[in-house]
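# Chains, contacts and geometry: an overview
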Amino acid sequence: MNPYAKLTFSLSLVLGTTITISSNHWMMAWTGLEINTLAIIPLISKHHHPRAIEAAIKYFLTQAAASTLLLFSSTINAWHTGQWDITQLSHPTASLLLTTAIAMKLGLVPFHFWFPEVLQGSPLTTAMLLSTVMKFPPITILLLTSHSLNPTLLTTMAIASAALGGWMGLNQTQIRKILAFSSISHLGWMTIILIYNPKLTLLTFYLYCFMTAAIFLTLNTTKSLKLSTMMTSWTKTPTLNASFMLTLLSLAGLPPLTGFLPKWLIIQELSKQEMTPATTIIAILSLLGLFFYLRLAYYSTITLPPNPTNHMKQWYVNKPANTLIATLITLSTLLLPMSPMILASI
């Protein structure tokens, strides 16, 4: 892709995200979401492979439908209340439509079908953007309207997302699909706590972004797309692979790594809200995710050659150390001791 075109699309992504997260008016938020959608589509389809084109079309159709629902929801609310302010969402039908629209934007169950397919057809860097940056504007809209949303509906969708993200990730061999189902599962954790403690949802999202970005950038460095490719990557970059394993375990939520912090705080907050059954169910469902993260960690570090694989070893040229990956891996694994400071800041 032409560097100028890539720069234009990247700046458009920044612009669209900034417009949405800083707007109070429904039309401005919708405009930002549309700019984001139009900017990411060329990045998804830049390889001109049939799977990439298919992913771009699926993404466009889903996001267009979600944007239409969001516009419909805001129009209904304005019709009944005379308010275009995002925080003044009070009509029940508008609230239901908005929840549906944002669930489609994020890939929450039962509107998750597009997300693994789109991630599988995208390059690793674009997949990283779809899993992190592109989820920020919809989550911001959810935060602004959290007081108006239906708690039962959100809790049901959250538990279903955690369950499906765990179950569907178990039998996958494509790493991007595994990370897509991991994203759906994490969105379940963010959604369940949204109404009771919105700041905790935001903290969970930030930490999830650190961990997911570290994983995608590591995979991009080792050029690993399938589990069979990961088996041969240990000999190329042993230090990076060891750090990659720790980041995966952090994403699974194991103490004493960073990923344990949001899960611990969410379980604590749900217990305070006397939601013991929901807390128990979502905590048990996180074990499904733990299984496939351990599987990835096993393939990346514990399965050493000369184990037989059907994959040809790739030519490797020693690259200079990447400071960004090192920073993200550090943040993804070592923030738990700083949890008192993090809690004081939120």
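Residues numbered from 1 in each chain as written. Predicted model: local features only at pLDDT ≥ 70, side-chain atom pairs only at ≥ 80, totals over all residues. Heavy atoms only, no water.

Looking at an unreviewed UniProt entry, one finds the protein chain named NADH-ubiquinone oxidoreductase chain 2 and attributed to Phaethornis striigularis. As recorded by UniProt, the Catalytic activity (unreviewed entry) comment attached to the protein chain reads in full: "a ubiquinone + NADH + 5 H(+)(in) = a ubiquinol + NAD(+) + 4 H(+)(out)". Turning to the protein chain, the UniProt record has this under Sequence similarities (unreviewed entry): "Belongs to the complex I subunit 2 family." (UniProt positions renumbered as here; feature names shortened; annotations may be inferred.)

### Comments concerning the UniProt feature "transmembrane region" (unreviewed entry) in the protein chain
According to UniProt, the "transmembrane region" (unreviewed entry) feature falls on residues 56–76, 96–115, 152–171, 178–196, 202–219, 240–261, 281–300 and 321–343. Taken end to end, residues 152–171 is 85% helix and 0% strand, and its first and last C-alpha atoms sit 30 Å apart. Span residues 178–196 is 79% helix and 0% strand, its end C-alpha atoms 29 Å apart. (Helix = DSSP H or I, 4+ residues; strand = E, 2+ residues; numbered from the N terminus.)

### A look at the packing of aromatic side chains
Aromatic ring pairs are defined here through the distance separating the ring centres and the angle between the ring planes. Counted under the stated rule, the structure contains 8 aromatic pairs. Both rings, one in Phe 136 and one in Phe 205, keep their centres 5.7 Å apart while their planes meet at 15 degrees; by these two values the pair is stacked. With Phe 136 in helix H7 (residues 136–144) and Phe 205 in helix H10 (residues 198–222), this pair connects stretches of sequence that are 69 residues apart. In terms of burial, Phe 136 and Phe 205 fall into one category: buried. Ring plane angle 5 degrees and centroid distance 6.0 Å describe the contact between Phe 260 and Trp 264, whose orientation is recorded as stacked. Taken together, the residues Phe 260 and Trp 264, both in helix H13 (residues 260–272) and 4 residues apart, mark about one turn of the helix. Through a chain of ring-to-ring contacts, the aromatic side chains of Tyr 59, Trp 114 and Phe 115 assemble into a single cluster. One cation-aromatic arrangement involves Lys 135 over Phe 115; the distance from NZ or CZ to the ring centre is 3.9 Å. The cationic tip of Lys 263 hangs over the ring face of Trp 189; the distance from NZ or CZ to the ring centre is 5.1 Å. (Phe/Tyr/Trp six-rings, centres within 6.5 Å; stacked < 30°, edge-to-face > 60°. Buried < 20%, exposed > 50% of the residue type's maximum accessible area, 1.4 Å probe, protein only. Lys NZ or Arg CZ within 6 Å of the ring centre and 35° of its normal.)

### Quick look at the side chain of Ser 224
By the element assignment, Ser 224 lies in the loop between H10 and helix H11 (227–230). Ser 224 gets classed as buried once you look at its relative accessible area, which sits at 2%. Separated by 3.0 Å, the side chains of Ser 224 and Thr 222 make a polar contact. If sequence neighbours within four positions are ignored, Ser 224 has contacts with Leu 124, Ile 175, Leu 219, Thr 229, Met 230 and Ser 233. (Polar contact = N/O pair within 3.5 Å; in protein donor to acceptor, adjacent residues only side chain to side chain. Contact = heavy atoms within 4.5 Å.)

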